[in-house]
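Okay, here's what each chain looks like letter by letter:
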Amino acid sequence: MNFNTKVIHGGQQPEPHTGAVNVPVFLTSTFAQESPGKLRNGYEYSRGANPTRQALEDSLAAIENGARGLAFGSGLAATDCVLKLLSPGDEIIAGDDLYGGSYRLFTRLFAKYNLKFTFIDFSDLSAVEAAITDRTKLIWLETPTNPLMKLIDIEAVVKMVSDRDILVAVDNTFASPYIQRPLDLGADIVMHSATKYLGGHSDVVAGALVAKTEELGEQLHFIQFASGGILGPHDSYLVLRGIKTLALRMQRHSENGQKIAAYLEEHPAIGKVFYPGLESHPHHELATRQMKGIYGGMLSFTFKSGEKTDSFRFLEKLKVFTLAESLGGVESLANHPATMTHASIPADKRAEIGITDDLVRLSVGIEDAEDLILDLEQALS
Ligand SMILES: *Cc1c(COP(=O)(O)O)cnc(C)c1O
C-alpha cells in the first residue's frame, strides 16, 4: 500500500457488527467476559486496550512502517514511556536542540532517578561517538530540531551504534511520517506529539509511539499498561480522523512553508531564515535525501537588528497568524521561543544553542500563501 492509501486504510477494517465505515467511539471502561478470564474479542479493560484506541494504534503502525503503535494522553507521556525502558545508571545521549518539554522531563524528572543525560549537537557525529560509553542505552533525536531546524542524519546515527546495544528513538513530530520515516532508516522507536501534525486541527493533546519490532512494542505496551498514560477513545477518534488527511495537509504545509521561507529570506528586515528547504540551509542536501524533497511547515527566523523588541512588535501586529504555542494545525501560528515554548530552557543554555531573543518560530498552516505573506508584510512594515 502506498502512503496516501495507508493514511486512510492502513490497519483499518469496517466495524465487525454493523459494518460502520468509521470505528465507533467505544465509551466503555470494561468489557463483558464469557466466563472468568475468557474474553470475547481480546478486550478486558480499556487501560490495556480499547477498540477505538486500537484502530488508531494500528493506523500509527501502518503509516510509520512499524510493528506496533501505541497512543498516549500526550507526546510527553509517550516519551516518558520510552525512558521507563531504562534502569538507574543508564545513559542517554540526546540532541542539544530539543523540544523544551522533553528537556524538562529529562533533566528535572528522570535525572533524579539516576538516568544520565548528555546533550550534544548531532551535526558533529564524532562528538556523539566520543560521548558513548558502556552504559549508553538510548539515543534520543529530534529532526528537524525545534526551533532551529537543524537536521540529524538518522541513517548515519543508526549505523554508528549498530554493533552496540543502544536504542535509537526519533521524535518525528516536526516532519510527520508523510515526509520522513525513521524506522525505514533503521531507528527502533518513533515518537510523536500527535497534538501536532497527526491530529492536525489543534483540537486534541495526544502522543504516539511506534516500535520497529513486536518485542519492543510489547515491552512498551507493558509499561503503558502498568503506568497508565493511555489516550481516551474520543481523542483517539480525533487523531485517527486527522491522520486521514495527513498527506494532503503536509503537501500544502510544505508548499506554503517553502514560499514563506523564500519571501522572508529576501526581506531587508530579516536576519537569518532557518528552513531546510532553502538552498542556504546548511543541511539542505541531507534534508532533500531524508525528507523526500519536501520540507514541512515549520520555520524560524531572526531580525537583522537582533532586537527582541522587533520580534515582539512583529508578533503583536500579526492578524492571520495567531500568537500561540503549539504547531502542526491547519491554522498558522507564530511563537517567541525564548519566552514561550523554550522558556523552560535556562537563558545561558538557550544562548549557547542559538535560541536568541529575536528568534521567531512560525508554524505555517494550509491557508492561501498569498494571505499569509500579506500578513507578514504588514506586520514587518
Ligand atoms: C509538542 C511537542 C512535544 C510534546 O508533546 P505534547 O503532546 O505537548 O505532550 C514533543 N516534541 C515535539 C517536537 C513537540 O513539538
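Criteria and thresholds
- Residues numbered from 1 in each chain as written.
- Predicted model: local features only at pLDDT ≥ 70, side-chain atom pairs only at ≥ 80, totals over all residues.
- Heavy atoms only, no water.
- Pairing = 2+ DSSP bridges.
- Helix = DSSP H or I, 4+ residues; strand = E, 2+ residues; numbered from the N terminus.
- Contact = heavy atoms within 4.5 Å.
- Axes fitted to C-alpha atoms, helices over the stretch in contact; angles between N-to-C directions.
- 1 Å grid on protein atoms, 1.4 Å probe; cavity = no way out; pocket = protein on both sides within 12 Å on 5 of 7 lines; lining within 4 Å.
- Points joined across faces, edges and corners; volume = space filled by probe spheres on them.
- Nonpolar A, V, L, I, M, F, W, Y, C, P; charged D, E, K, R; others polar.

Draft legend 1. Spatial organisation of the sheet that holds strand β11 (residues 298-303). Taken in spatial order, the 5 strands line up as β10-β11-β14-β13-β12 in an open sheet, and their pairing is mixed. In this open sheet, the two strands that pair with only one neighbour each are β10 (270-274) and β12 (322-323). Strand direction decides the pairing type here: β10 and β11, joined by 3 bridges, are antiparallel. Bridge pairing in β11 places Val 273 opposite Phe 301. Seen against the sheet, helix α10 (residues 246-266) touches β10, β11 and β14 (360-363) and runs at an angle of roughly 10° to β11.

Draft legend 2. Focus on the layout of surface pockets. The volume enclosed by the largest pocket comes to roughly 610 Å³. In terms of lining residues, the largest pocket is bounded by 24 residues, among which Gln 13, Pro 14, Glu 15, Pro 16 and Val 23 are the most central. Among the elements of the structure, α1 (3-9) and α2 (51-63) are those that each provide at least two residues to the lining of the largest pocket. In terms of residue count, the dominant contributor to the lining of the largest pocket is α2 (4 residues). For the lining of the largest pocket, the per-class residue count stands at 12 nonpolar, 8 polar and 4 charged. Reported here for the second largest pocket is a volume of approximately 360 Å³. Leu 76, Tyr 99, Gly 101, Ser 193 and Lys 196 are the residues nearest the centre of the second largest pocket, which is lined by 25 residues in total. The set of elements that each furnish at least two residues to the lining of the second largest pocket consists of α3 (75-83), α4 (100-109) and β8 (189-193). If one sorts the elements of the lining of the second largest pocket by residue count, α4 sits on top with 4 residues.

Function cannot be inferred from these measures alone, as they are strictly geometric.
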